[in-house]
Amino acid sequence: MSTSTRSKPASESSPKDGAAEALGDDRKERETVEVELEGSRQRLISWTVFGIIFGILLVWKLGTVAVWGGWILIALGVFRGYQLVLSFIHPAGTIIVSDQHVVLPRKLHRPNPIDVKPSEVTAAYFLRRSVPLYHAAPVLVIELGSRALLFPRDWFATEADQRHVVHALRHHLPPVKP
């Protein structure tokens, strides 16, 4: 397979007449990757409503064992309700990769994202088969030393957004030795 390249003809804004700075600024802007995460509230709403209502019905109408199950469902519904409230208070988050810093949300709808230098990122890869429970594959894994952050597929608008983040991070990683 061969590739061919064409050279562009000289134009009025060639690098010789001072447009080199503008070209350099353009390249820096292209190197910064910003991907907004998306979180679905449907699952949180359904678990909140189901957990609380069905849990109350179990506590109210059934025997001892079902009462304990009802309290567990109520607790789960309240926890999902708390997560639902957080989704309205805080935005889903944005992954930003630039030459100066990498900003990674801790989770969906959580404040205080992690801001590190690109040199602190030790690995970026996909898990496609052995994914954690309740996560959609592929899962983007970004390692910061001994800490690993997981970003499932359903947090992104498209799978291409995940690939953009990985390619931007791999640009800053040291080359792998064979």
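Here, every reference points to the structure presented above.
Residues numbered from 1 in each chain as written. Predicted model: local features only at pLDDT ≥ 70, side-chain atom pairs only at ≥ 80, totals over all residues. Heavy atoms only, no water.

With respect to topology, 3 strands assemble into an open sheet ordered β5-β6-β7, the strand pairing being antiparallel. Each of the sheet's edge strands pairs with one partner strand only, and the pair in question is β5 (123-127) and β7 (147-151). Taken pair by pair, the neighbouring strands of this sheet meet at an average axis angle of 25°, ignoring direction. Relative to β7, strand β6 (residues 139-144) is paired through 5 bridges, and the arrangement is antiparallel. Bridging across to β7, L144 finds its partner in R147. The strands touched by helix α4 (residues 159-172) within the sheet are β5, β6 and β7, with β5 carrying the most contacts at an inclination of about 150°. (Pairing = 2+ DSSP bridges. Helix = DSSP H or I, 4+ residues; strand = E, 2+ residues; numbered from the N terminus. Axes fitted to C-alpha atoms, helices over the stretch in contact; angles between N-to-C directions. Contact = heavy atoms within 4.5 Å.)

So, on to the pattern of salt bridges. Applying the stated rule across the entire model yields 1 salt bridge. Across the pair R163 and E159 runs a salt bridge whose closest N-O atoms are separated by 3.9 Å. Linking R163 with E159, this pair stays in helix α4, spanning 4 residues, or about one helical turn. Judged by relative accessible area, E159 falls into the partly exposed class, the value being 27%. (Salt bridge = Lys/Arg side-chain N within 4 Å of Asp/Glu carboxyl O. Buried < 20%, exposed > 50% of the residue type's maximum accessible area, 1.4 Å probe, protein only.)

The next subject is the packing of aromatic side chains. Counted under the stated rule, the structure contains 3 aromatic pairs. Centroid distance W47 to F50: 5.9 Å. Interplanar angle 80°. Geometry classified as edge-to-face. In this pair, W47 and F50 are both assigned in helix α2 (residues 42-61), 3 residues apart and thus about one turn of the helix distant. Residue F50 is classed as partly exposed on the basis of its relative accessible area of 40%. (Phe/Tyr/Trp six-rings, centres within 6.5 Å; stacked < 30°, edge-to-face > 60°.)

An ideal rise of 1.5 Å per residue puts 28 Å on 20 residues; α2 measures up with 28 Å between its terminal C-alpha atoms. For α2, the complete set of buried residues consists of L44, T48, G51, G55 and L58. Angularly, the buried residues of α2 cover 130° about the axis, an arc narrow enough to put them on a single face. Away from the buried face of α2 by more than 90 degrees, exposed residues Q42, W60 and K61 are located. (Expected span 1.5 Å × (residues − 1). Arc of directions from axis to C-beta.)

All we've got here are geometric facts, nothing functional implied.
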